Amino acid sequence: MHPEKIVFTYQGDGDLASIGAAEIIHAANRNENITVIFVNNAIYGMTGGQMAPTTLPNQVTTTTPLGREIITGAPIKMSEMIATMDHIAYVERCMAADGPSIMKTKRAIRKAFECQINQEGFSMVEVLSSCNIGWKMSPVDSLTYIKNTMTQTFPLGVFKERKHETNH
Amino acid sequence: MSKLLMKGNEAIARAAMLGGCEAFFGYPITPQNELIETMSHVMPANHRVFVQAESEVAAINMVYGAAGAGGRVMTSSSSVGIALKQEGISYCAGAELPCVIVSVSRSGPGLGGILPAQSDYHQSVYGGGNGDYRVIVLAPASVQEAVDDVGKAIQLAEKYRNPAMVLLDGAIAQMMASVVLPTQPLPRVDTTSWAATGDFKTRGTRNVINSLYLDPAKLYAHNQHLQAKYREIAKNEALLVDHHPDHHDGAIIAYGTSAKIAIGAAQRLKEEYGIKVKCIQLRTLWPFPKQALREAIKDMSFALVAEMSMGQLFQDVLAFTRSDTVIGYVGKAGGEIITSDDIVNGYLQQMGGEQIEHSV
């Protein structure tokens, strides 16, 4: 409705990778000139720690009390999936685990908004983040868990390199 | 004003665009496909937004977003598709967003069939979304009435900041008829006090579109505000048409396609049997024209409800009129259109009888 305005979404993994999976895929496929900040903490935090589509194998949640088994599915890699769309602008996965990684995330988010301002199309930054209460860990342990464990399943990196081409 | 020969679906689409609809979000489903097909070219050609969404759920949520951004927005669907939109309609009602939903009903339940029925009376009037919300429901009986109701729905939606639905069936949507389309866009209601347009800097206040209230006292206050608005709509907008003001022996109560057929049936009852029966056509289903209907049938011993559903309208007429008038029922649902014979015979068989509970 207001193409001159900056538009962004801030979505968790339950929203983006499960109940809203169809919508994010088609919004990306239409190459909507928006920026998506995808906060992935591998759990449904707000509802009390249930399994998310991004929950890691063997991870204990309130709906996988014995650890996530493969019969419930494997962690969905949304950045890799969305990056298969050739025409979109930019996709990167970062983490918020320590000072340097947070600064790197900040730069990625800045880049994503620059894509939008320059009319390059759809941009998404996935941020691996913690939910120490849902994970039942101390805040310090949960940051270590992002760095050492989550990144095994969700490797960091740029999945769609920015080309600086105006699409809109 | 020139008349054009046009299919119902196409006429509705063109009327919406000419009436000033700024964005349309749809998803294919029979029997409303020509509506989104027409929109797919007339909207972009006139610099408006058209998106074929990935699902009905996506389409109604696009409506939520675009209406929240102050747009004049419409979506359309049919029965099963409207069922999928119910959650989004409840959100629009909760956040008080003006939007128009065109519902071209087919037969049900489930996938049902693609032929006309009026079995979505409950779905439209009572909704399937959560919470104490109301949707304005207009019921046209012809292509011209459908065209007029689209404009009226836009205006009512904006006047009351509420979703408004135009409910018709596949017979009207698929019928070709001569119509007069609007010539200029409808006047716009100012939305700057609430629409989220990203103008915080120039406006100085933040407009937020939201239906979440975690504080129960605030949510109760919001519900009381909504109810006050609904009472206002009920007072101002309930409408019926008495097609035979000089007939007083009895009445046939109907809406949409059934009303069109009931007009002819009333004529036959007079000519063939000498019974002067009036056809009362309900033009709004919510608000239901309770007062006017009670008034119209109060001195009659019998009134017949004719509907292409299994007693959904009958139930409401019985509940809302609360009079000594015996209310009869004639109807069918499944894709067959009710006939003049059905109504005439139903009237003759049931008049003079006692009140029966026709619905379950």
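The structure displayed is predicted, hence computed values, not measured ones. (Residues numbered from 1 in each chain as written. Chains lettered and ligands numbered in written order. Predicted model: local features only at pLDDT ≥ 70, side-chain atom pairs only at ≥ 80, totals over all residues. Heavy atoms only, no water.)

A closer look at the overall build of chain B
Okay, so step 1: Along chain B, the regular secondary structure elements total 13 helices and 15 strands.
Okay, so step 2: Going through the 360 residues of chain B one by one, you find that 55% of them count as buried.
Okay, so step 3: In chain B, once contacts between residues fewer than 6 apart in sequence are set aside, the share between residues at least 24 apart is 79%.
Okay, so step 4: Surface summary for chain B: the accessible area is close to 15000 Å², and the carbon and sulfur share equals 55%.
Okay, so step 5: When the 30 basic and 35 acidic side-chain charges of chain B are each reduced to a single mean position, those positions are 7 Å apart. (Helix = DSSP H or I, 4+ residues; strand = E, 2+ residues; numbered from the N terminus. Buried < 20%, exposed > 50% of the residue type's maximum accessible area, 1.4 Å probe, protein only. Contact = heavy atoms within 4.5 Å. Areas by Shrake-Rupley, 256 points an atom, 1.4 Å probe, with all protein chains shown as cover. Lys, Arg positive; Asp, Glu negative; His and termini not counted. Charge placed at Lys NZ, Arg CZ, Asp CG, Glu CD.)

Overview of the environment of Ile-19 of chain A
Okay, so step 1: Relative to the assigned elements, Ile-19 of chain A resides in helix H1 (residues 13-19).
Okay, so step 2: A sequence separation of 41 residues divides Ile-19 of chain A from Val-60 of chain A, and the C-alpha atoms of the two residues are 21 Å apart.

Examining the interface of chain A and chain B
Okay, so step 1: At the junction of the two partners, chain A supplies 7 residues and chain B supplies 15 residues.
Okay, so step 2: Here chain A and chain B share an interface that buries about 760 Å² over both sides, 61% of which is from carbon and sulfur atoms.
Okay, so step 3: At the junction of chain A with chain B, the criterion picks out 2 salt bridges.
Okay, so step 4: In this structure, the salt-bridge partner of Glu-54 of chain B is Arg-30 of chain A, at a minimum N-O distance of 2.9 Å.
Okay, so step 5: Taken together, the residues that form the side of chain A that touches chain B break down as 2 nonpolar, 2 polar and 3 charged. (Buried area = accessible area lost by both parts, 1.4 Å probe. Salt bridge = Lys/Arg side-chain N within 4 Å of Asp/Glu carboxyl O. Nonpolar A, V, L, I, M, F, W, Y, C, P; charged D, E, K, R; others polar.)

Here's the deal with the nonpolar core
One broad rule of soluble globular proteins: the nonpolar side chains tend to lie buried together.
Residues and elements named next belong to chain B.
Okay, so step 1: Judged by nonpolar contacts, the single largest core of 91 residues is most densely connected at Met-39 and Met-74.
Okay, so step 2: With 9 residues, the single largest contributor to this core is helix H6 (residues 143-160).
Okay, so step 3: Each residue touching Met-39, except ones within four places of it in the same chain, is listed here: Ala-13, Ala-16, Met-17, Cys-21, Phe-24, Pro-44, Phe-50 and Met-74.
Okay, so step 4: With 21 residues, the next largest nonpolar core counts Val-277, Met-308, Ile-338 and Ile-343 among its residues. (Core = buried A, V, L, I, M, F, W, Y, C linked by side-chain atoms within 4.5 Å.)

What about the pattern of salt bridges?
Okay, so step 1: Applying the stated rule across the entire model yields 27 salt bridges over all chains.
Okay, so step 2: Here the salt bridges share partners, and the residues they tie into one network are Arg-110, Glu-114, Glu-120 and Arg-162 of chain A.

Some details on the sheet that holds strand S11 (residues 250-254) of chain B
Across a sheet, paired strands are connected by hydrogen bonds in the backbone, their directions being either parallel or antiparallel.
Residue and element names in this part refer to chain B.
Okay, so step 1: Overall, mixed pairing links the 5 strands, which are arranged S10-S12-S11-S14-S15 in an open sheet. The open sheet has two free edges, formed respectively by strand S10 (240-242) and strand S15 (326-331), since each of these has just one partner strand. Neighbour-to-neighbour, the strand axes of the sheet open up by a mean angle of 25 degrees, direction not taken into account.
Okay, so step 2: The pairing of strand S14 (residues 302-307) with S15 spans 6 bridges and is parallel. When the bridges of S15 are listed, Ala-303 appears paired with Ile-327.
Okay, so step 3: Helix-sheet contacts for helix H13 (residues 340-350) involve S11, strand S12 (277-282), S14 and S15, and the interaxial angle to S14 is about 150 degrees. (Pairing = 2+ DSSP bridges. Axes fitted to C-alpha atoms, helices over the stretch in contact; angles between N-to-C directions.)

A closer look at the pairing of strand S5 (residues 99-107) of chain B
Walk down a regular strand and you will see the side chains alternate between the two sheet faces.
All names here are of chain B.
Okay, so step 1: In terms of burial, S5 is largely enclosed, as 9 of its 9 residues are buried.
Okay, so step 2: Taken together, the 4 bridges between strand S4 (residues 73-77) and S5 define a ladder with parallel strand orientation. Note on S5: the bridge partner recorded for Ser-77 is Ser-103.
Okay, so step 3: Assessed by its sense of winding, the connection that carries the chain from S4 through helix H4 (residues 79-94) to S5 is right-handed.
Okay, so step 4: Note that S5 and strand S8 (residues 163-169) share 7 bridges and pair parallel. Looking at the pairing, Val-104 lines up with Leu-168 of S8. (Right-handed = clockwise from strand over helix to strand, strands pointing away.)

Focus: the domain arrangement of chain B
All names here are of chain B.
Okay, so step 1: If you check the domain split of chain B, you get domain 1 (4-198 + 224-237) and domain 2 (240-350).
Okay, so step 2: Using C-alpha coordinates to define each centre, domain 1 is positioned 27 Å away from domain 2.
Okay, so step 3: Contacts between the two partners involve 30 residues from domain 1 and, on the opposite side, 26 residues from domain 2.
Okay, so step 4: When the two sides are added together, the surface that domain 1 and domain 2 hide from each other amounts to roughly 2400 Å², 53% of it contributed by carbon and sulfur.
Okay, so step 5: Across the contact surface, domain 1 and domain 2 share 2 salt bridges.
Okay, so step 6: Between Arg-283 and Glu-145 there is a salt bridge, and its shortest N-O distance comes to 3.8 Å.
Okay, so step 7: Here the element with the most residues in the side of domain 1 that touches domain 2 is helix H9 (residues 216-237); it accounts for 4 residues.
Okay, so step 8: Here the side of domain 1 that touches domain 2 is composed, by residue class, of 19 nonpolar, 5 polar and 6 charged. (Domains from an automatic or database assignment.)

Things to note about the packing of aromatic side chains
All names here are of chain B.
Okay, so step 1: Counted under the stated rule, the structure contains 9 aromatic pairs over all chains.
Okay, so step 2: Plain terms: the ring middles of Phe-288 and Phe-320 are 4.8 Å apart, the flat faces sit at 55 degrees to each other, and that makes the pair tilted. Of this pair, Phe-288 sits in the loop between strand S13 (284-286) and helix H11 (290-297) while Phe-320 sits in helix H12 (residues 312-321), and the two are 32 residues apart along the sequence. Taken individually, Phe-288 and Phe-320 each receive the classification buried, so the pair is uniform in this respect.
Okay, so step 3: Lying over the aromatic face of Phe-200, Arg-206 brings its terminal NZ or CZ to 4.7 Å of the ring centre.
Okay, so step 4: For Lys-290, the ring lying beneath its charged end belongs to Phe-320, and the centroid distance is 4.4 Å. (Phe/Tyr/Trp six-rings, centres within 6.5 Å; stacked < 30°, edge-to-face > 60°. Lys NZ or Arg CZ within 6 Å of the ring centre and 35° of its normal.)

With respect to unusual backbone geometry
Among all residues save glycine, negative phi is the norm, and among peptide bonds the norm is trans.
Okay, so step 1: Cis geometry marks the peptide bond from Gly-108 of chain B to Pro-109 of chain B; its omega dihedral reads 5 degrees.
Okay, so step 2: By the secondary structure assignment, Pro-109 of chain B is in the loop between S5 and strand S6 (113-116).
Okay, so step 3: Residue Pro-287 of chain B is reached from Trp-286 of chain B by a cis peptide bond, and omega for that bond is 0 degrees.
Okay, so step 4: Inspection of the secondary structure assignment puts Pro-287 of chain B in the loop between S13 and H11.
Okay, so step 5: Notably, Gln-119 of chain A is not glycine yet its phi reads approximately 60 degrees, a positive angle.

Some thoughts on the packing of H6 of chain B against H9 of chain B
Residue and element names in this part refer to chain B.
Okay, so step 1: Where H6 meets H9, the axes come as close as 11 Å, and the angle between the chain directions of the two elements is 140 degrees. In the crossing of H6 with H9, the sense of the turn from one axis to the other is right-handed. The segment H6 lies against H9, with Leu-156, Lys-159 and Tyr-160 engaging Lys-229, Glu-232, Ile-233, Asn-236 and Glu-237.
Okay, so step 2: Looking at the contact of H6 with H9, its residues break down into 3 nonpolar, 1 polar and 4 charged. (Left-handed = near helix turned anticlockwise from the far one by under 90°.)

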